[in-house]
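# Analysis of the macromolecular model
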Amino acid sequence: MKLRDELPVDHHLATVYRYGAGFCGLVLLVFAALGFADGLDPFHTSGAIAGMTTNVALSCISTVVGLALLLGAAIGGNFASTLNMTVGTLFVLSGFAHIFVLDRPANILDFGMTNVIFSFVMGLVIATFGMYGRVSSKLSHDNPYWRRRHPEQAARARAVAAVPSGPPEARGLTARTAAEGTGRRRLLD
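These numbers come from a predicted model, not from an experiment. (Residues numbered from 1 in each chain as written. Predicted model: local features only at pLDDT ≥ 70, side-chain atom pairs only at ≥ 80, totals over all residues. Heavy atoms only, no water.)

Let us look at the packing of helix H3 (residues 77-99) against helix H4 (residues 113-131). Relative orientation of the contacting elements H3 and H4 amounts to 160 degrees, with a least axis distance of 7 Å. In terms of orientation, H3 lies roughly antiparallel with respect to H4. Relative to H4, H3 is oriented so that their crossing is left-handed. From H3, Ser 81, Asn 84, Met 85, Val 87, Gly 88, Phe 91, Val 92, Ser 94, Gly 95, Phe 96, His 98 and Ile 99 reach across to H4, where they touch Val 116, Ser 119, Phe 120, Met 122, Gly 123, Leu 124, Ile 126, Ala 127, Phe 129, Gly 130 and Met 131. Residue classes in the contact of H3 with H4 are distributed as 14 nonpolar, nine polar and no charged. (Axes fitted to C-alpha atoms, helices over the stretch in contact; angles between N-to-C directions. Helix = DSSP H or I, 4+ residues; strand = E, 2+ residues; numbered from the N terminus. Parallel < 35°, antiparallel > 145°, perpendicular 65-115°, else oblique. Left-handed = near helix turned anticlockwise from the far one by under 90°. Contact = heavy atoms within 4.5 Å. Nonpolar A, V, L, I, M, F, W, Y, C, P; charged D, E, K, R; others polar.)

What follows is the structure, encoded as structure tokens:
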């Protein structure tokens, strides 16, 4: 089974993915614009914006990632969800990688501890927007991810929902069939 098979094509969760990607993309673009406005050399290591260190190389990366997130917001749906989870994971990994290069010559992006913390927080926020409604042990039964992961139970729930209500005689059912339907409803609840 492929991951894309688990995703709903059109669901109200797509709005969460879209707005999450757009919001985080705008935050990154603002950070990048402020970094470009500082007028530093590409790998200069003394720029600072809102308590975080920056340089032109970091601003370029922030611009590319911010534009990618805005593209995900424009496309929406499954693409935005997967993009958010991927970018969020990369942000967290970047935070871990930059912890090890702080105050070393390999720190070409001029990361400081505030940048590392920002990377962790932004990564978790972006990933959370991507995973919203997909990853939980308590997904509702109308959630497309739950239905995809539990096809037999979803089919039974659709069958029970299709049975009209009212007394069994009015529906043309025998007492035994009506009792089986009641038992199914109890199993699904």
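With that out of the way, let us pick up the environment of Ile 61. Note on placement: Ile 61 falls in helix H2 (residues 56-75). Residues Ile 61 and Leu 29 lie 32 residues apart in sequence; the distance between their C-alpha atoms is 9.9 Å.

This paragraph deals with the packing of aromatic side chains. Counting across every chain of the model gives two aromatic pairs. An angle of 25 degrees between the planes, with centres 6.3 Å apart, marks the rings of Phe 31 and Phe 118 as stacked. Taken as a pair, Phe 31 in helix H1 (residues 13-37) and Phe 118 in helix H4 lie far apart in primary sequence, 87 residues in all. Accessibility expressed as a relative area gives 9% for Phe 31, which makes it buried. (Phe/Tyr/Trp six-rings, centres within 6.5 Å; stacked < 30°, edge-to-face > 60°. Buried < 20%, exposed > 50% of the residue type's maximum accessible area, 1.4 Å probe, protein only.)

Estimates place the volume of the largest pocket at around 270 Å³. Residue lining of the largest pocket: 17 residues in total, with Leu 58, Ile 61, Phe 91, Ser 94 and Phe 111 positioned closest to the centre. If you list the elements that add at least two residues to the lining of the largest pocket, you get H1, H2, H3 and H4. Examining the composition of the lining of the largest pocket, we find that five residues originate from one element, H3, more than from any other. Residues belonging to the lining of the largest pocket are distributed by class as follows: 12 nonpolar, five polar and no charged. (1 Å grid on protein atoms, 1.4 Å probe; cavity = no way out; pocket = protein on both sides within 12 Å on 5 of 7 lines; lining within 4 Å. Points joined across faces, edges and corners; volume = space filled by probe spheres on them.)

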